Amino acid sequence: MNRVLVADDDRAVRESLERALHLEGYDVTTACDGVEALTQARRQSFRALVVDVSMPHVDGVAVCRVLRADGDSTPLLMLTARAAAPDRIAGLDAGADDYLTKPFDVHELLARLRALLRRTAPDPDEPPKAADPGRDLLRVGPLRISAAARRAWCGRTELSLSRTEFDLLELLACHEGIVLDHAGIYRDVWGSGAAVDPKNLATYIGYLRRKLAAAGAPDLIHTVRGVGYAVRRP
């Protein structure tokens, strides 16, 4: 598996890195903001992450902090236009493995990426670990979600969810503790061309809350007035 995630809100940077990494033999997935980066990182496995600091909705430092809190140790190279030492320290303290200041030479980025992968390569003498059947489960308090099976449970009760309800619940749970705005939710659940309708979104949030309550779940979905919604464990 040689898959790399590139997250940057600058389209020119994303496309340039995507081309360069493809030429080096990497399979590249791109994201245009922090919300999409977290969604991709939680849905797929990557050899490395290349994440820009200054992104809308959720910045690169927050992306790194959330992934590390999840126990995700994927090597992460952080990109930034901020060259000051406190900014570099903030990124490294959040869990980044390396830091590269913009503008950068693509060859240097590729070299740093190779060095990261060498340092984190598995020991060939170490026996492979047994597969963990619960590894793909996303857990938020009593809520468990299997993205692969498209099923969700609260305790021992399985939730009966429509396609849209499942996609919405999975999106919110994937970004536990982060407030997602209406436009971002619409883009990720209904598609980039869908018109944002807060009343329609509120209706689906109501459906989810009722189904979670019927299954005995505490209040997990919180409304942030004028902004959007967030999942927070009790």
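Source: prediction; values computed, not measured. (Residues numbered from 1 in each chain as written. Predicted model: local features only at pLDDT ≥ 70, side-chain atom pairs only at ≥ 80, totals over all residues. Heavy atoms only, no water.)

Bringing the environment of Val-4 into the picture now. Along the chain, the position of Val-4 falls in strand β1 (residues 3-7). On the accessibility criterion, Val-4 (0% relative accessible area) is buried. Separated by 24 residues in sequence, Val-4 and Val-28 have C-alpha atoms that sit 5.0 Å apart. When sequence neighbours within four positions are dropped, the list of residues in contact with Val-4 reads Leu-21, Tyr-26, Asp-27, Val-28, Thr-29, Phe-46, Ala-48, Val-50 and Leu-113. (Helix = DSSP H or I, 4+ residues; strand = E, 2+ residues; numbered from the N terminus. Buried < 20%, exposed > 50% of the residue type's maximum accessible area, 1.4 Å probe, protein only. Contact = heavy atoms within 4.5 Å.)

This paragraph deals with helix α6 (residues 163-174). Spanning 12 residues, α6 covers 16 Å between terminal C-alpha atoms, matching the ideal 16 Å at 1.5 Å per step. For α6, a buried count of 11 out of 12 residues is recorded, marking the element as mostly surrounded by other parts of the structure. (Expected span 1.5 Å × (residues − 1).)

Moving on to the sheet that holds strand β12 (residues 228-231). With antiparallel pairing, the 3 strands of this open sheet are ordered in space as β10-β12-β11. Either end of the sheet is taken by a strand with one partner, and the two such strands are β10 (180-181) and β11 (221-224). Of the pairings in the sheet, the one linking β10 to β12 comprises 2 bridges and is antiparallel in character. Bridge pairing links Asp-181 to Gly-228 in β12. Along the sheet, helix α8 (residues 198-214) contacts β11 and β12; its crossing angle with β11, the most-contacted strand, is approximately 150 degrees. (Pairing = 2+ DSSP bridges. Axes fitted to C-alpha atoms, helices over the stretch in contact; angles between N-to-C directions.)

It is worth spelling out the environment of Arg-233 at this point. Its location among the elements puts Arg-233 in the segment after β12. Overall, Arg-233 belongs to the partly exposed group, its relative accessible area being 44%. Put simply, Arg-233 and Gly-177 are 56 residues apart on the chain and 8.1 Å apart in space, counted from C-alpha to C-alpha. Ignoring sequence-local partners within four residues, the contact set of Arg-233 consists of Arg-139, Val-140, Gly-141, Glu-176 and Leu-220.

Within a sheet, neighbouring strands are paired by backbone hydrogen bonds and run either parallel or antiparallel to one another. On the basis of which strands lie adjacent, the open sheet formed by 5 strands has the order β2-β1-β3-β4-β5 and parallel pairing. Edge positions in the open sheet fall to β2 (27-31) and β5 (98-101), since each of these has one partner strand only. Between one strand and the next, the sheet's axes are offset by a mean angle of 20 degrees, whatever the strand orientation. Bridging between strand β4 (residues 76-80) and β5 involves 4 bridges; their strand directions are parallel. Paired with Leu-79 across the two strands is Leu-100, which belongs to β5. Together, β3 (48-52) and β4 form the strand contacts of helix α3 (residues 60-69), whose direction differs from that of β4 by roughly 165 degrees.

These values are about where atoms sit, not about what they do.
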